[in-house]
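Chains, contacts and geometry: an overview
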Amino acid sequence: VLCMGSHVLRAQQTSPDEDSKNGYLSIDKELVLMPEMDGVRSELADFENKLLSQLKVKMDVFQTKLTEYQSLAENLPEATRLERKNELEANDADIQKFRAQAQQAETQKELKLMQPLYEKVQNAIEQVAKENGLTQIFRAESLLFNANAIDIFDLLIDPLKLKLPTAVKGEN
């Protein structure tokens, strides 16, 4: 199973005496070039803008109440001043809570949108491994040295329909 934190992507089972043929890739490199990423980026931007709009409303209300409080505080009775101060503190806490929830919601949204892409990459990796007799595929970031490992980026271009800039194609 493809997992962002894993070092070895799903590989075929091998016996200890069997020669292993290894490959490696940088998943981020493939993901960023997938045509589906445009839709993911767009949907995430829309989601973020919606959250920012909601946050702006909350902050505008807070700022209005704060300005009003600051201009009237000296002339308010102590009980009213304390009540308004408590209301401002509650509004501020609500804004902080909203920010934390919005950040969590953005993370969950990104994971939900990226899951089909991770699955597509995993399936392409398995196909390429099978077609090329690879027994293990490593994340490039965790592979320190393996003289027999091959970069499978070029092998994933067609199965993933990667959109390559002209200068990058074949420059791996």
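Residues numbered from 1 in each chain as written. Predicted model: local features only at pLDDT ≥ 70, side-chain atom pairs only at ≥ 80, totals over all residues. Heavy atoms only, no water.

Here we look at the overall build of the chain
The following threshold applies: The secondary structure listing takes helices from DSSP runs of H or I that are at least 4 residues long and strands from runs of E that are at least 2 residues long, numbered from the N terminus. The buried label applies to any residue whose accessible area, calculated with a 1.4 Å probe on protein chains only, is under 20% of its type's maximum; exposed applies above 50%, and partly exposed to all values in between. The criterion used for residue contact is that any of the two residues' heavy atoms lie within 4.5 Å. The Shrake-Rupley method, run with a 1.4 Å probe sphere, supplies the accessible areas, and residue values consider only the shown protein chains as cover.
The helix and strand inventory of the chain stands at 4 helices and 4 strands. Counted from the first residue to the last, the chain has its helices and strands arranged as β-β-α-α-α-β-β-α. Put simply, the chain has 172 residues, and 28% of those count as buried. Long-range pairs, those at least 24 residues apart, make up 81% of the contacts in the chain with a sequence separation of at least 6. Entry remark: accessible area of the chain is about 11300 Å², with carbon and sulfur atoms responsible for 52%.

As for the packing of aromatic side chains
Condition: Here is the rule: rings of Phe, Tyr and Trp (six-membered ring for Trp) pair when centre to centre is within 6.5 Å. Planes less than 30 degrees apart are stacked, more than 60 are edge-to-face, and the remainder are tilted. Counting as a charge over the ring demands two things of the Lys NZ or Arg CZ atom: a distance within 6 Å of the ring centre and an angle within 35 degrees of the ring normal.
This structure, assessed with the given rule, holds 0 aromatic pairs. Of note, Lys29 hangs over the ring of Phe153, and the distance from its end group to the ring centre comes to 4.3 Å.

With respect to helix α4 (residues 153–160)
Condition: Our arc is simply the arc of the directions from the helix axis toward the C-beta atoms.
Among the residues making up α4, those that are buried are Phe153, Leu156, Ile157 and Leu160. The buried side chains of α4 occupy one side of the element, clustering within an arc of 125° when seen end-on. Looking at the packing, one finds that the buried side of α4 touches β2 (22–25), α1 (27–33), α3 (78–132) and β4 (150–151). The first or second residue beyond α4 is Lys161, which carries a positive phi of 55°.

Notes on the side chain of Asn22
Tracing the backbone through its elements, the reader meets Asn22 in strand β2. On the accessibility criterion, Asn22 (5% relative accessible area) is buried. Not counting residues within four places of it along the chain, the set of residues in contact with Asn22 comprises Leu134, Thr135, Gln136, Phe138, Asn146, Asn148, Ala149 and Ile150.

Things to note about the pattern of salt bridges
Worth spelling out the cut-off: One speaks of a salt bridge when a side-chain nitrogen belonging to Lys or Arg is within 4 Å of a carboxyl oxygen belonging to Asp or Glu.
Tallied over the full model, the rule gives 10 salt bridges. Across the pair Arg41 and Asp38 runs a salt bridge, and its minimum N-O distance is 3.2 Å. Of this pair, Arg41 and Asp38 both sit in helix α2 (residues 36–72), 3 residues apart, which is roughly one turn of the helix. The exposure class assigned to Asp38 is partly exposed, which follows from its relative accessible area of 41%. Taking the shortest distance from any N to any O, the salt bridge between Lys58 and Asp94 comes out at 3.2 Å.

Quick look at α2
Our working rule: Under the convention used throughout, the expected extent of a helix is 1.5 Å for every residue step, that is, one less than its residue count.
Here α2 spans 54 Å end to end across 37 residues, near enough to the 54 Å set by a 1.5 Å rise per residue. Residues of α2 that are buried include every one of Met37, Val40, Phe47, Leu51, Leu55, Phe62 and Tyr69, and no others. Against the buried residues of α2 lie α1 and α3.

Thoughts on the nonpolar core
What counts is decided by this rule: Each nonpolar core is a collection of buried residues, namely Ala, Val, Leu, Ile, Met, Phe, Trp, Tyr and Cys, held together in the definition by side-chain atoms within 4.5 Å.
If you look at the biggest cluster of nonpolar residues, it comprises 24 residues, and the most contacted ones within it are Leu31, Met34, Ile152 and Leu156. The element best represented in this core is α3, accounting for 9 residues. Ignoring any residue separated from it by four or fewer positions in sequence, one finds Met34 in contact with Leu117, Lys120, Val121, Leu160 and Leu162. Among the nonpolar cores identified, the runner-up in size contains 10 residues, and Leu51, Tyr69, Leu88 and Phe98 belong to it.

Focus: the confidence of the model for the chain
In plain terms, the rule: One confidence number per residue, pLDDT, is output by the predictor and ranges from 0 to 100.
Counting all residues, the mean pLDDT for the chain is 86, and 86% of those residues have values of 70 or more. The weakest mean pLDDT in the chain belongs to strand β1 (residues 8–9) at 45; the strongest belongs to α2 at 97. In this model residues 1–17 is a low-confidence stretch, pLDDT under 50, and it forms 34 contacts with partners more than four residues away in sequence or in other chains.

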